[in-house]
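Residue-level structural notes
Chain by chain, the residues:
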Amino acid sequence: MNKHLEDLIKLSNIDRTIDAFEPKIAEAKSRLDEVEEAQSAVEKEILALSEEIKESELKKAKNELHIQELSDKLEANKKKAADAKTEKEIKALQLEEEIAREQLDFANEEIERLENLIESRKKEIETKEAELAAMKEKSAAVKEEVEKELAEIEKERQKLFEEKQKLMAQMSQKILAFYDKIRRWAKNTAVVPVRKQACMGCFMKINDKTYAEVIKGEEITTCPHCGRILYLEVQKEEESAEA
Ligand SMILES: [Zn+2]
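Rules used throughout
Residues numbered from 1 in each chain as written. Predicted model: local features only at pLDDT ≥ 70, side-chain atom pairs only at ≥ 80, totals over all residues. Heavy atoms only, no water. Donors = N, O, S within 2.8 Å, 3.2 Å for Na, K, Ca; no water. Tetrahedral: all angles 85-135°; square planar, octahedral: opposite > 155°, others 65-115°. Buried < 20%, exposed > 50% of the residue type's maximum accessible area, 1.4 Å probe, protein only. Helix = DSSP H or I, 4+ residues; strand = E, 2+ residues; numbered from the N terminus. Pairing = 2+ DSSP bridges. Contact = heavy atoms within 4.5 Å. Salt bridge = Lys/Arg side-chain N within 4 Å of Asp/Glu carboxyl O. pLDDT = per-residue confidence, 0-100. Core = buried A, V, L, I, M, F, W, Y, C linked by side-chain atoms within 4.5 Å. Domains from an automatic or database assignment.

1. Here we look at the coordination of the zinc ion
The protein atoms that coordinate the zinc ion are Cys-199 (SG), Cys-202 (SG), Cys-223 (SG) and Cys-226 (SG), at distances of 2.3 Å. Coordination at the zinc ion comes from 4 donor atoms whose angles at the metal span 104 to 114°, giving a geometry best classed as tetrahedral. The sequence pattern describing where the donors of the zinc ion fall on their chain is C-x2-C-x20-C-x2-C. The buried category is assigned to Cys-223, whose relative accessible area is 2%. By relative accessible area, which is 18% here, Cys-226 ends up buried.

The following block contains the structure:
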């Protein structure tokens, strides 16, 4: 086989392998993002629950203050009632007392409601905290796993880059430029095998003359339909012949 063609096949295999790392890297990173996102979602929920508790405590304090005021008022009313002279005065004080007692009841109910709310939110936080702790443990494990995977990929990738540099150094600039030009649009299918007399880039059947050239492999042949570089995959041809 033509030496340039042989190099091109090798080069395109290396490029394809290097590019195949990208989705693996993305997949590993997205796995890490996923657990981190889930974790921060729970953290936000806990924060919202804590805020709700804080607000409820504030409301509770306001109601307690109100109760104090109402009690003072009732106390003052009692003294006023003792000094009341007219029926009208007594009635007015009674009405005031009634209203104050109603408000007192309402404030007490409100405090009870707020206390229950605070209690249940605290329990929810407890559950979420436990969930978060488990998540943190999991995310630490995933992080370690992903980092290890990425380091391994990087190592392999580096090795391939070196291999590629070495190969390119011994190839002609003209051939490399030719390859790059096709690769610009054909990406990882710039160099493709011919199977059953069809280009495995565009899957069109190639004419007998081109096919004969590909079989000979004495020069670099391109697909007449798409322009990709063609080569005969000996192993695969035999396999398909057997099948
Ligand atoms: Zn083609």
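2. Regarding the pairing of strand 4 (residues 229–232)
Both faces of strand 4 are covered, namely the face carrying Ile-229 and Tyr-231 and the face carrying Leu-230 and Leu-232. Looking at chain direction, strand 1 (residues 191–195) and strand 4 are connected through 4 bridges and run parallel. Within strand 4, the position partnered with Val-194 by the bridge is Leu-232. Two elements, strand 3 (residues 221–222) and strand 4, share 2 bridges in a ladder whose sense is antiparallel. Counted as the bridge partner of Thr-221 is Leu-230 from strand 4.

3. Let's talk about the environment of Pro-193
Mapped onto the fold, Pro-193 is located in strand 1. Sequence separation between Pro-193 and Ser-172 is 21 residues, and the spatial gap between their C-alpha atoms is 22 Å. Not counting residues within four places of it along the chain, the set of residues in contact with Pro-193 comprises Ala-198, Cys-199, Met-200, Tyr-231 and Glu-233.

4. Description of the sheet that holds strand 2 (residues 198–199)
Hydrogen bonds between backbone groups are what pair the strands of a sheet, and the pairing can be parallel or antiparallel. Pairing in this open sheet of 4 strands is mixed, and the strands run 2-1-4-3 from one edge to the other. Bordering the open sheet on either side are strand 2 and strand 3, each of which pairs with just one other strand. Where strand 1 meets strand 2, 2 bridges bridge the pair, whose relative direction is antiparallel. Each bridged residue has a counterpart across the sheet, and for Arg-195 the counterpart in strand 2 is Ala-198.

5. Here we look at the pattern of salt bridges
Per the counting criterion, the structure on display carries 18 salt bridges. Here the salt bridges share partners, and the residues they tie into one network are Asp-15, Asp-19, Lys-164 and Arg-183.

6. Quick look at the confidence of the model for the chain
On average, the chain scores 94 in pLDDT, and the residues at 70 or more come to 96%. The weakest mean pLDDT in the chain belongs to helix 5 (residues 234–242) at 53; the strongest belongs to strand 2 at 97.

7. Topic: the nonpolar core
One finds Leu-8, Leu-11, Met-171, Tyr-179, Val-191 and Ile-229 to be the most contacted residues of the largest nonpolar core, which totals 21 residues. Broken down by element, this core gets its largest block of residues, 8 residues, from helix 1 (residues 3–83). Two domains each put at least three residues into this core: domain 1 (19–169) and domain 2 (173–242). Residues Cys-199, Cys-223, Leu-230 and Leu-232 belong to the second largest nonpolar core, which totals 10 residues.

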